[in-house]
Amino acid sequence: MPDIDWEEPFCGEGNSCFRLGTDLTGNAYIAVAGQEDHYLTDTREALRTLIHDIKAGRADHLL
């Protein structure tokens, strides 16, 4: 497992808590809080784009 620097959990209603993390080689990680050993990973730029797109409403159809 890479050396991941996890941020504090981001929590919505109920138990939907997620954590974002980064490593020293420029990768970004997303995991369910408490299950950080099962993560998704991509570049920091990909994570940045995902967050911007979500904020812009491009994922609202999933709600």
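It should be emphasised that the depicted structure is a prediction, and the values quoted were computed from it without experimental measurement.

Draft legend 1. A look at helix 1 (residues 44-55). Between its first and last C-alpha, helix 1 extends 17 Å over 12 residues, near the 16 Å set by a 1.5 Å rise per residue. Positive backbone phi, at 90°, marks G57, one or two positions downstream of helix 1.

Draft legend 2. Main features of the state of the cysteines. What the rule picks out here adds up to one disulfide. One disulfide in the model links C11 with C17; its S-S distance is 2.1 Å. What sets the handedness of the C11 and C17 disulfide is the S-S torsion sign, and at about 115° it is right-handed.

Draft legend 3. View of the environment of R58. Turning to its location among the elements, R58 is positioned in the segment after helix 1. Using a relative accessible area of 56% as the deciding quantity, one classes R58 as exposed. C-alpha of R58 to C-alpha of P9: the two residues are 49 residues apart in sequence and 23 Å apart in space. A polar contact of 2.8 Å, which involves the side chain of R58, links it to the side chain of D53.

Reading guide: rules and limits
Residues numbered from 1 in each chain as written. Predicted model: local features only at pLDDT ≥ 70, side-chain atom pairs only at ≥ 80, totals over all residues. Heavy atoms only, no water. Helix = DSSP H or I, 4+ residues; strand = E, 2+ residues; numbered from the N terminus. Expected span 1.5 Å × (residues − 1). Disulfide = S-S within 2.5 Å. Buried < 20%, exposed > 50% of the residue type's maximum accessible area, 1.4 Å probe, protein only. Polar contact = N/O pair within 3.5 Å; in protein donor to acceptor, adjacent residues only side chain to side chain.

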